[in-house]
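Summary of structural features
What follows is each chain in one-letter form.
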Amino acid sequence: MLFVRDLESGYGEMQVLWGINLEVNEKTVTTILGPNGSGKTTTLRSIFGLNRPWRGVVEFDRIDVTYMPPHAKVEIGITLVLEGRHLFPSMSVEENLRLGAYTRRAEEKMDDSIDLVYSLFPRLKERREQKAGTLSGGEQQMLAIGRALMTAPKLILMDEPSQGLAPKLVAEVFETVERLREEGLTILLVEQNVYASLEISDYAYVLGDGKVVLEGTVDEIRDSEEVKKAYVGI
Amino acid sequence: MIVSEQLVSNLFYGALLGSVYGVATMGLSLIFGVLRIVNVGHGAFIMLGAFTAFWMFTLYSVIPILSIPIALIFGLALGFIIFFSTIKRLIDAPELSTLLATFAIGIFIEEVAKFVWGSDYVGFSWDIGTLYLGPVTVPYTKLLAFLCSAIIAGLLYVWFTKTKLGTAIRAVVEDREGAMVCGINVGRIYSVSFAIGIGLTVLSGVLVTLFVPVGINVYMGPDYTLKAFVIAVLGGLGSPWGAFVAGFLFGLFENGSYTLLGLIPGVEPFALTRFVAFVFLLIILLIKPTGLLGGE
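So, a few notes on the structure that sits alongside this text. Counting from 1, residues in each chain are numbered in the order their sequence is written. Ligands are numbered from 1 and chains lettered from A, in the order in which they are written. Note on the predicted model: pLDDT of at least 70 is required for a residue's local features to be given, and 80 or more for side-chain atom pairs to be given and counted; whole-chain, interface and lining totals, by contrast, use all residues.

Observations concerning the overall build of chain A
Short version of the rule: To qualify as a helix, a DSSP run of H or I must reach at least 4 residues; to qualify as a strand, a run of E must reach at least 2; elements of each kind are numbered from the N terminus. Both definitions apply: the radius of gyration is a C-alpha atom measure, and the globule rule equals 2.2 Å times residues to the power 0.38. For the exposure call, what matters is how many other C-beta atoms sit within 10 Å of a residue's own: 20 or more marks it buried, 12 or fewer exposed, and in between partly exposed, using C-beta atoms placed from the backbone. With C-beta atoms placed from the backbone, a contact is any residue pair whose C-beta atoms sit within 7 Å.
Broken down by element type, chain A carries 11 helices and 10 strands. Here chain A has a C-alpha radius of gyration of 17 Å; the compact-globule value for 234 residues is 17 Å, and the two agree. In terms of overall dimensions, chain A has a C-alpha envelope of 45 × 40 × 35 Å along the principal axes. Taken across its 234 residues, chain A has 47% of its residues classed as buried. Taking the contacts inside chain A whose residues are at least 6 apart along the sequence as the reference set, 66% of them involve residues at least 24 apart.

What follows is the structure, given as structure tokens:
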């Protein structure tokens, strides 16, 4: 579904990605692991178009989308759950969700999407009149995921959805990711939470210094010496 | 007794003028809120609106109220032209670039205007009678200006809260990247917001003509730029509603203090009014640093 070939990108003069190759199959969860500063977030941002790719190719459903602007990517079914949520704090939960259905394609499915989001996160339904900025951290993360679902995506890129959450809520986020896959969605996940994310993934990539240093099925990755070495003590 | 009557009269006048200040600042706040650009040439667009009203009245006998939509369309067109010719290239540039660019655009507009219209004060008088209400005597034209300001602010509020495009603009103000992941074309929001901001500003120039006793001049702008900055900060930068409320208060305060300062012997009230207005701004910012309606 998603092919990334030799992707290079960075910020200003500083190159962060040095040729990323990865592939995400339909209806799977693929995880990108790696230490801080290895280029995980930059990879997602470059795929989505928030950072301009310097070189390389991004293909989605066999279309070249390398230089397609973010709003056009949302139109064809890719969205990103940003690190730090990036909600509209002074708007209500429902307004945030409705803005998720901004594209014409998503707008047509708005009612079904809202039902889906409220069935996944009943707490958002209870708080639908409340301002997003007043929600707890866990609820905000639910809303960020819910808003992404409102775009009627085929592929969701998720940047550290469990960051800053209490352990119980972390588990809830991972359960949600699993349910999304059951709903037929494809997910590319960036996580610090190595073992929990491997639990729910089909395939994983490990980044180091802007390159893929290891890839494989979840079992292969879990047993690899490199991952054990890299994450001992975390 | 005379003093209190004069105070009431001036406060009333200040409220009317303040509503026009409000509309004259909403465009500045909108452009800052969406694009994070401070339009230093703001006043030049007010001047263009004032001249639109002047020429429409003198050449075609079009009353200023009917010049409002004309000025709006003129301003929208101008906004789009300036956006695509200049601002678009500078959006990700350092602040100094956009400050210099808008400063230059303001000077350019003033000098072209001077070349075409000269630098003399010009004016027109549109008289539709005067309202006598106890101590208050107000020309109906100023009441109309107030009414138009209130309607424009109200329409804008409805447009921002009820329409899809208006909601998308608010979303970009609150979180640019958040808007991008929703599929909002942020580049388009920039151009539309800039055009609306300039359109509103040119439009406000029409209303301003109903309050200038000495007439208008191509260099009238900077004075309004200064006031608009104070009002925008007072209202919470980037919040058009805050700007409207703050404009209203600023008008009240400016005119109220004018009366009171006039009582002090040896004081030139006009010069001191501005001083008092800035003290007022400082006090508000000490109490609420984000401005009256500013966010966190």
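So much for the structure itself; the text now carries on.
Here we look at the sheet that holds strand E9 (residues 203–208) of chain A
All names here are of chain A. Defined as follows: For two strands to be treated as a pair, DSSP must find no fewer than two bridges joining them. The axes are straight lines fitted to the C-alpha atoms, using for helices just the contacting stretch, and the angles between their N-to-C directions are given from 0 to 180°.
Reading across the sheet, the six strands line up as E6-E7-E8-E3-E9-E10 and stay open at both edges, with mixed pairing between neighbours. With partners counted over all chains shown, the strands left at the sheet margins are strand E6 (78–81) and strand E10 (211–217), one partner each. In this sheet, neighbouring strand axes are inclined to one another by 15° on average, regardless of whether the strands run parallel or antiparallel. As judged from the four bridges shared by strand E3 (residues 29–33) and strand E8 (residues 186–190), these two strands associate in the parallel manner. Counted as the bridge partner of Ile32 is Val190 from E8. Its contacts with the sheet place helix H8 (residues 167–182) against E3, strand E7 (155–159) and E8, and it is angled at close to 155° to E8.

Describing unusual backbone geometry
All names here are of chain A. The phi angle at Asp6 is positive, at roughly 50°, despite the residue not being glycine. Here Asp6 shows up in strand E1 (residues 2–11). On the basis of neighbour count, Asp6 is assigned to the partly exposed category, with 13 C-beta atoms found within 10 Å. Phi is positive for Lys27, which is not a glycine, with a value near 55°.

Comments concerning the packing of helix H3 (residues 64–90) of chain B against helix H8 (residues 186–208) of chain B
All names here are of chain B. Spelled out, the test is: Two helices crossing with the near one rotated counterclockwise from the far one by less than a right angle form a left-handed crossing, whereas a clockwise rotation gives a right-handed crossing. Three categories are distinguished: nonpolar for Ala, Val, Leu, Ile, Met, Phe, Trp, Tyr, Cys and Pro, charged for Asp, Glu, Lys and Arg, and polar for the others, with Gly belonging to the last.
Two elements in contact, H3 and H8, have axes whose closest approach is 6 Å; the angle formed by their N-to-C orientations is 145°. Where H3 crosses over H8, the two elements pack in a sense that is right-handed. For the contact of H3 with H8, the class distribution of residues is 18 nonpolar, eight polar and no charged.

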